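Each chain, letter by letter, is given below.
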There are 2 protein chains.
Amino acid sequence: MSLLVTGSIGIDTVETPFGKHEDVIGGSAIYFSYAASFFAPVRLVGVVGEDAPRSLFKVFDSRDVDTTGLEVRKGSKTFRWHGSYVKDMNEAVTVEVDLNVLAERAPKIPENFRDSRYVFLANTHPVLQQEMLCCLKHPRLIVADTMNLWIQTEQQELRKLLKQIHGLVLNDGEARMLTGKKNLIDAARDVLKLGPKFVVIKKGEHGCLMCSERDTFVLPAFPAHKVVDPTGAGDSFAGGMMGYLATQGTFSPATIKRALAFGTVVASYAIADVSLGGLKSTDRDQIDDRWHEYKSAMSF
Amino acid sequence: MSLLVTGSIGIDTVETPFGKHEDVIGGSAIYFSYAASFFAPVRLVGVVGEDAPRSLFKVFDSRDVDTTGLEVRKGSKTFRWHGSYVKDMNEAVTVEVDLNVLAERAPKIPENFRDSRYVFLANTHPVLQQEMLCCLKHPRLIVADTMNLWIQTEQQELRKLLKQIHGLVLNDGEARMLTGKKNLIDAARDVLKLGPKFVVIKKGEHGCLMCSERDTFVLPAFPAHKVVDPTGAGDSFAGGMMGYLATQGTFSPATIKRALAFGTVVASYAIADVSLGGLKSTDRDQIDDRWHEYKSAMSF
C-alpha cells in the first residue's frame, strides 16, 4: 500500500487561450500525489525554497499525503515554470524555467519512507532518479517518468536507470525520440529492450498505449469537452494509475488496464480547471462513477 | 441489406517511406466497396475513362459487388491521384491530381439500385452528392464523407447536403475546419447542429470519435505495427462500418459501436499492404477474430 513519489514541486505561470494564471501551485510530484491520494496513502519527497508560499503547505490538508519528506531549504528558491498552451492545448511551450532548488542536491528520503513498496520517480535528472532507488529496502514496483531534455543530454544515465525500473511512463514524442522509431508500437517494443517490463506511452488527447512482452493495449482519452489547463495531466494520469496499483496485489494485464483507465479518468478531472482546481473539485465517488461510464462507453 | 456506394474510382501513384508504387488501383468507392463486401452485398456507382486498366474490372471478381453502376465513359480519362506519405504516414501530401472524368457529369444510378436502403456518399463534390440522393426511393440510412477542399470552396452546398443525411464521416482536421472548434467534442457537437444525427470523426492512428445527441464515444485504432500504405484507410473504415450496419436492423448505440469497431479492424488490414493488397489478404473469419481480439483488449 505504501506509495512513494519524488519529483518536482514548483510555482507555475500558465497561459492558455482562456487566460493567464500567475504563481499557481504545480510540479510533477504535487499533481501525482494529489491524484494518487484518491486511492492510497502517499509519501511525498521533494524540496522547495524558503520562498515557497504558505498555500503550498495546505494543499494536502484534507488528503492522505505524508509530507515528512518535503524539505524547505534555507537560502534556496523554489522551482518555477512558465508555460504557454496558447498555440496548442496539446503541447506546452516553455516560456521560462528557473530550476532554482532543483539544480541543487536532491532531497533525502526519510528513514520511515524507505520500506515503500510502490515507487514513482516523477520526471527529474536520471542521476537523481537513480540515487533515490539506492535508499529503498525492497520496492515491489518502480515506475519512472522522463522528458525530452534527458533523452537528448543524459541518455547514458537514462539507460542505466531503465535497467533498474519495472515501468516507464513517457509521452509519444519522447518515445519516438528515445528509440528513433516513428510507429509507436515499434517504439514501445524498443523501450522494453532497454530494461522496463512495461511501458506506457501517453498521447494527450488521444489516450495512451501500454506495451509489455505479452500484451499491447490502447485506451482513448476520456472524451472531455472541458479542457481549461492541461498542466499536470500526465502526472495526474500516473498518480491515478500508481495509486490504484498500490491497492492491488497483482500486476495482471487486467489490473494494469484498470489502472490505466483510472489514470485516464483522474487526468480528465485534472485538465478541467487551473492548477489543482480540477482535482480538488472531485472525489473518489465521482472518479468511480466516471470510470464506470468510461468502461461502458468502450465495451461493445 | 442493399448497400449503395458512390464515389471516386482512380489510378493512384503512392509514395511511402518503403517505396513508390505507380498506377495502382484506388479511389474511395473501390476501397469502400471491397471493405463493405466482407459484410453485405454492395452496389457500386462510379465512372472511369476508357483508359481504365483491365485489372480494375477484375477487382471484385470474387466479391459480392454489383458493378452494374460502373460506367466506362468513351472519350474520357480515369481519375488519377499521386500522393506521398514520405514525410508523415498519418497524412498524405497530394503531389498531383487529375480529376479527368470526375470533373464531368456524375454517373447514373441504375434503376434497379434505386431501392437501396443503405447509402454511402463517398467523398466528391457536394452538389453531386445531393444529386445522387434525388434518385433514391426510400433510403433508411444515408452517410456521407467529405474533404477539406469542399469545406473551403463549397461550404454552402455542403451545408445543404448535411441537412439531408443521417451521418457524416470526416477526419479531425476537416471537423475543425468545418466548425472552427479546436476541441473535437465541441466540433462534433457543432456538426450535429448542421443536420446529421451522428458524426464520426476519424483520427487516423488515434482511432475515432462518434457523437450523437445522446452519446459520445471514442475508440482507439487497432494497435498496428505494420503500416505499409495508409491510402484508403478511411474509406475501408467507412466500408466496414456501413457493411456491418447494413446487416443489422437497428442503429442502437451498441450497434453503432460494434460497427465502428468493425470499421477499425477492416482499416487495420487495409493499411498493411499497398493498394487493395491488405484487404485482399484477409477474409471475414480473420476480421471476426481480430474484432474479438480488439474487443477484449479494451474491456477491463
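Here the structure is a predicted model, which is why all the values come from computation and not from measurement.

Attention now goes to the overall build of chain A. Summing up its helical and strand segments, chain A has 10 helices and 13 strands in all. Computed over the C-alpha atoms, the radius of gyration of chain A is 18 Å, within 12% of the 19 Å expected from 2.2 N^0.38 for a compact globule of 300 residues. Dimensions along the principal axes, computed over C-alpha positions, put chain A at roughly 55 × 40 × 35 Å. Of all 300 residues assigned to chain A, the portion counted as buried reaches 58%. Considering only contacts in chain A between residues 6 or more positions apart, those separated by 24 or more positions represent 64%. For chain A, the computed accessible surface area is about 12,400 Å², with 49% contributed by carbon and sulfur atoms. Counting 35 positive and 36 negative side-chain charges, chain A places the centres of these two groups 6 Å from one another.

As a note on interpretation, predicted positions should not be read in detail where pLDDT is low. For chain A, the mean per-residue pLDDT works out to 93, and 100% of the residues sit at or above 70. Across the predicted assembly, pTM comes out at 0.85 and ipTM at 0.73.

All names here are of chain A. Tallied over the entire structure, the rule returns 24 salt bridges over all chains. Put simply, Asp115 and Arg43 hold a salt bridge, and the shortest N to O gap is 2.8 Å. One end of the pair, Asp115, is in the loop between strand 7 (93–98) and strand 8 (118–121); the other, Arg43, is in strand 4 (residues 42–49), with 72 residues separating them in the sequence. For Asp115, a relative accessible area of 32% corresponds to the partly exposed category. Each of Glu71, Arg73, Glu104 and Arg105 takes part in salt bridges that share partners, so that together they form one network.

Conventions used here
- Residues numbered from 1 in each chain as written.
- Chains lettered and ligands numbered in written order.
- Predicted model: local features only at pLDDT ≥ 70, side-chain atom pairs only at ≥ 80, totals over all residues.
- Heavy atoms only, no water.
- Helix = DSSP H or I, 4+ residues; strand = E, 2+ residues; numbered from the N terminus.
- Rg over C-alpha atoms; globule rule 2.2 N^0.38 Å.
- Buried < 20%, exposed > 50% of the residue type's maximum accessible area, 1.4 Å probe, protein only.
- Contact = heavy atoms within 4.5 Å.
- Areas by Shrake-Rupley, 256 points an atom, 1.4 Å probe, with all protein chains shown as cover.
- Lys, Arg positive; Asp, Glu negative; His and termini not counted.
- Charge placed at Lys NZ, Arg CZ, Asp CG, Glu CD.
- pLDDT = per-residue confidence, 0-100.
- Salt bridge = Lys/Arg side-chain N within 4 Å of Asp/Glu carboxyl O.

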